[in-house]
Amino acid sequence: MNPVTSFLVFACVLAGLAIGNWVNFYLALVFFAVAIVIGLSLKMANVWQKFVILRMGKLQSVKGPGMFVIIPIIDTVIAVIDGRIQTTAFNAEQALTRDTVPVNVDAIIFWHVNDAEKAALAITDYRTAIDQVAQTSLREMIGSSMLAALLSDRKDADELLKNTIGAKTAPWGISVGSVEIRDVALPEALQDAMSRQAQAEREKQARVILGSAEAAIAGKFVEAANTYAGHPAALQLRAMNIIYEITKERGATILLPSTMVDSLNPSMATLALALASKDAPDPEITVRKAVA
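Residues numbered from 1 in each chain as written. Predicted model: local features only at pLDDT ≥ 70, side-chain atom pairs only at ≥ 80, totals over all residues. Heavy atoms only, no water.

1. Side note on the packing of aromatic side chains
This structure, assessed with the given rule, holds two aromatic pairs. Ring geometry for F51 against F68: centres 5.3 Å apart, planes inclined by 70 degrees, an arrangement best described as edge-to-face. On the criterion of sequence distance, the pair formed by F51 in strand β2 (residues 49-55) and F68 in strand β4 (residues 66-69) is long-range, its members being 17 residues apart. Across the pair, exposure class does not vary: F51 and F68 are buried alike. Relative to Y126, the ring of W111 has its centre 6.0 Å away and its plane inclined at 85 degrees; by these criteria the two rings are edge-to-face. With a gap of 15 residues between them, W111 in strand β7 (residues 102-113) and Y126 in helix α4 (residues 126-143) connect regions that are remote in the sequence. Taking relative accessible area as the criterion, Y126 reaches 10% and is therefore assigned buried. The residue whose ring lies beneath R84 is W48, and the NZ or CZ to ring-centre distance is 4.4 Å. (Phe/Tyr/Trp six-rings, centres within 6.5 Å; stacked < 30°, edge-to-face > 60°. Helix = DSSP H or I, 4+ residues; strand = E, 2+ residues; numbered from the N terminus. Buried < 20%, exposed > 50% of the residue type's maximum accessible area, 1.4 Å probe, protein only. Lys NZ or Arg CZ within 6 Å of the ring centre and 35° of its normal.)

2. So, the nonpolar core
In terms of nonpolar packing, the biggest core is built from 37 residues, with I81, V103, Y126 and I142 touching the most fellow members. Of all the secondary structure elements, the ones that give two or more residues to this core are β5 (75-82), β6 (86-96), β7, α3 (116-121), α4, α5 (147-152), α6 (154-169) and β8 (174-185). When residues in this core are grouped by element, the largest group, eight residues, is from α4. When sequence neighbours within four positions are dropped, the list of residues in contact with V103 reads A92, E93, Q94, A95, T97, I142, L147, L150, V184, A185 and L186. (Core = buried A, V, L, I, M, F, W, Y, C linked by side-chain atoms within 4.5 Å. Contact = heavy atoms within 4.5 Å.)

Structure representation (structure tokens):
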């Protein structure tokens, strides 16, 4: 009973009690009868509600929102339909994909009643029916999809479920706003296999990249070798630069083959050592000439 009806009923009952005590008992019965009629006939629907009313077994009208009156006994409110957006969670456990992989899928559907008459008269319990239809459609979608597509193309799967469920619920006056797959759970053994596969793919890609880098480096070395072959002085300068870089560290001892020292021109090597000693104070550097 809505607040307005409750207030009017309460007022009539109080008036009947007062008249019965102070005026006339039979007149008080009239007020009691009016209170009963008001309680049975005066209805109020909220803005999101629809009242489906039958009159002697036939559809009389769909009322709401606001205040309205029905005829007691003759009229019957058989359903109060909520027109707001509803959510229903559903799932499919151990459903096989097209490539025979068992998966557990959780999803949620957003729907609302757009025709209260059909929702009340065309089906017994539309809420239970929506849940059953959603689960059946989800299993059909999983059975017709490959696992890779199910994992990667979530939006396509959501749209397919929306259209499928919406086509089944439209005769009941129910519109499906959207369907969202929340989770796709795979067996642990399959997860481990997929993890190893992904790791192998990354390892393969890393080896390919490393091989490309090695090929590029080898090409650069060939270019450098050709350059040094035509310019022996450049090779000597490069060797002296390497010695200089090594001797920058304190306490370094370098062993050079006698043939390498001869090819570097010992006087120039001495100059490089002197420069290194100037940059690093008090170095303990000994260049030993190994007898070949």
